Amino acid sequence: MSVSAPSGAAAVTIAAAGDIACDPGADVVPSGHDPDHERFAPQEVHGALDTAHGMVQFVVGTHGTTRDSIPSTIANSLAHNDDTYGVLKLTLEATSYDWQFVPEAGQSYADAGSASCH
């Protein structure tokens, strides 16, 4: 799985989690290993774009007091924010899912959408 913010050893943990999620054919993989919000296009566990069978990863570490800036994004990053606290609301249905980043009061960053499961 992927992350644009500096994460060090977290990348190994995310790859291992991705391997586990790939076995049953996961569509969505939330993680909270970096203090920011980032959404990736569907990709296979090592970060290659895979629109047919890939997982959409959400990095949702938008809490606490320490923030990591995202100096530049990596491949497949579709949405990212490193200065807004909030939560990710996921609505899971039998054949689809919806997501919405809900920022703290007074903030305007938004990332929302829906997708079909494969």
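Residues numbered from 1 in each chain as written. Predicted model: local features only at pLDDT ≥ 70, side-chain atom pairs only at ≥ 80, totals over all residues. Heavy atoms only, no water.

Overview of the overall build of the protein
Line of reasoning, step 1. When its secondary structure is counted, the protein shows 1 helix and 7 strands.
Line of reasoning, step 2. Overall, the protein shows an N-to-C arrangement of helices and strands of α-β-β-β-β-β-β-β.
Line of reasoning, step 3. Residue burial in the protein is summarised as follows: out of 118 residues, 39% are buried.
Line of reasoning, step 4. Across the protein, the fraction of contacts at a sequence separation of at least 24, relative to all contacts at a separation of at least 6, is 57%.
Line of reasoning, step 5. When the accessible surface of the protein is split by element, carbon and sulfur atoms take 55% of a total near 6,100 Å². (Helix = DSSP H or I, 4+ residues; strand = E, 2+ residues; numbered from the N terminus. Buried < 20%, exposed > 50% of the residue type's maximum accessible area, 1.4 Å probe, protein only. Contact = heavy atoms within 4.5 Å. Areas by Shrake-Rupley, 256 points an atom, 1.4 Å probe, with all protein chains shown as cover.)

Observations concerning the sheet that holds strand β5 (residues 86-92)
Line of reasoning, step 1. Spatially, β5-β6-β7 is the arrangement adopted by the 3 strands of the open sheet, whose pairing is antiparallel. On the outer flanks of this sheet lie β5 and β7 (112-116), each paired with one strand and no other. Strand-to-strand twist in this sheet, taken as the mean axis angle between neighbours without regard to direction, amounts to 15°.
Line of reasoning, step 2. Alignment of β5 against strand β6 (residues 96-103), held across 7 bridges, turns out to be antiparallel. From the neighbouring strand, L88 faces β6, where its bridge partner is F101. (Pairing = 2+ DSSP bridges. Axes fitted to C-alpha atoms, helices over the stretch in contact; angles between N-to-C directions.)

Remarks on the environment of Y85
Line of reasoning, step 1. Following the sequence through the fold, Y85 ends up in the loop between β4 (77-81) and β5.
Line of reasoning, step 2. The class for Y85 is partly exposed, based on a relative accessible area of 25%.
Line of reasoning, step 3. When the C-alpha positions of Y85 and Q107 are compared, they lie 8.4 Å apart, and in sequence the two are 22 residues distant.

Some points on the sheet that holds strand β1 (residues 28-31)
What holds strands together in a sheet is hydrogen bonding between their backbones, with the strands either parallel or antiparallel.
Line of reasoning, step 1. As summarised here, the arrangement of the 4 strands in space is β1-β3-β2-β4, forming an open sheet in which the pairing is mixed. Where the open sheet ends on each side, the last strands, each with one partner, are β1 and β4. Ignoring strand direction, the axes of neighbouring strands in this sheet form an average angle of 10°.
Line of reasoning, step 2. Bridge analysis of strand β2 (residues 37-40) against β4 gives 4 bridges, and the strand direction is antiparallel. Paired with R39 across the bridge in β4 is A79.

Some thoughts on the packing of aromatic side chains
Line of reasoning, step 1. This structure, assessed with the given rule, holds 3 aromatic pairs.
Line of reasoning, step 2. Considering the side-chain rings of F101 and Y109, the 5.3 Å spacing of their centres and the 65° angle between planes classify their relative orientation as edge-to-face.
Line of reasoning, step 3. By relative accessible area, F101 is classed as buried at 3%.
Line of reasoning, step 4. Through a chain of ring-to-ring contacts, the aromatic side chains of F58, Y97 and W99 assemble into a single cluster. (Phe/Tyr/Trp six-rings, centres within 6.5 Å; stacked < 30°, edge-to-face > 60°.)

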